[in-house]
Amino acid sequence: MFIILLRFGPNRAQAGQFMPDHKAWLKQGFDDNIFLLSGSLQPNQGGCILAQGDSLESVQTCVEKDPFVIHGIVTAEILQISPHQAAESMQFLLN
């Protein structure tokens, strides 16, 4: 399991220009069952994605395709976690 932190970078002002492509990239990640959850980092600092993947390298490859990453709108940090416990409603994350 992975937590992807997308923090605004030097080209943040160009976010609007690449937002449709970024949203398409997010949709593809959900369609491919890589992304489980996405949302904004508050207050207005970027985004966060909960992801699953076969390896850190496969998730890195996916993140490198984000138009926001390509154009320096965000910088990406990928944290790999090994979940051990979950609320009953979230047990599926342990499989």
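Notes on the structure in this doc start here. On a predicted model such as this, the values are computed, not experimentally measured, just so you know.

Things to note about the nonpolar core
Grouped burial of nonpolar side chains is what soluble globular proteins tend to show. Judged by nonpolar contacts, the single largest core of 16 residues is most densely connected at Ile4, Trp25, Phe35 and Ile49. Secondary-structure elements contributing two or more residues to this core are β1 (2–8), α1 (15–31), β3 (46–51) and α2 (56–63). Broken down by element, this core gets its largest block of residues, four residues, from α1. Every residue in contact with Trp25, bar those within four places of it in the chain, is listed here: Leu6, Phe35, Ile49, Cys62, Val63, Lys65, Asp66 and Pro67.

What about the environment of Gly16?
By the element assignment, Gly16 lies in helix α1. By relative accessible area, which is 57% here, Gly16 ends up exposed. Each C-alpha atom of the pair Gly16 and Ile73 lies 9.9 Å from the other, and the pair is 57 residues apart in sequence.

Some points on the packing of aromatic side chains
Enumeration over the complete set of coordinates arrives at two aromatic pairs. Plain terms: the ring middles of Trp25 and Phe35 are 5.1 Å apart, the flat faces sit at 65° to each other, and that makes the pair edge-to-face. With a gap of ten residues between them, Trp25 in helix α1 and Phe35 in strand β2 (residues 35–41) connect regions that are remote in the sequence. Aromatic side chains Phe30 and Phe35 sit 5.8 Å apart centroid to centroid with 85° between the ring planes, which places their arrangement in the edge-to-face category. What makes Phe35 buried here is its relative accessible area of 4%.

Brief notes about α2
Listed in full, the buried residues belonging to α2 are Val59, Cys62 and Val63. Burial along α2 is one-sided: seen end-on, the buried residues are contained in an arc of 95°. Where α2 is buried, its residues meet β1, α1, β2, α3 (67–70) and β4 (74–80).

The rules behind each value
Residues numbered from 1 in each chain as written. Predicted model: local features only at pLDDT ≥ 70, side-chain atom pairs only at ≥ 80, totals over all residues. Heavy atoms only, no water. Core = buried A, V, L, I, M, F, W, Y, C linked by side-chain atoms within 4.5 Å. Buried < 20%, exposed > 50% of the residue type's maximum accessible area, 1.4 Å probe, protein only. Helix = DSSP H or I, 4+ residues; strand = E, 2+ residues; numbered from the N terminus. Contact = heavy atoms within 4.5 Å. Phe/Tyr/Trp six-rings, centres within 6.5 Å; stacked < 30°, edge-to-face > 60°. Arc of directions from axis to C-beta.

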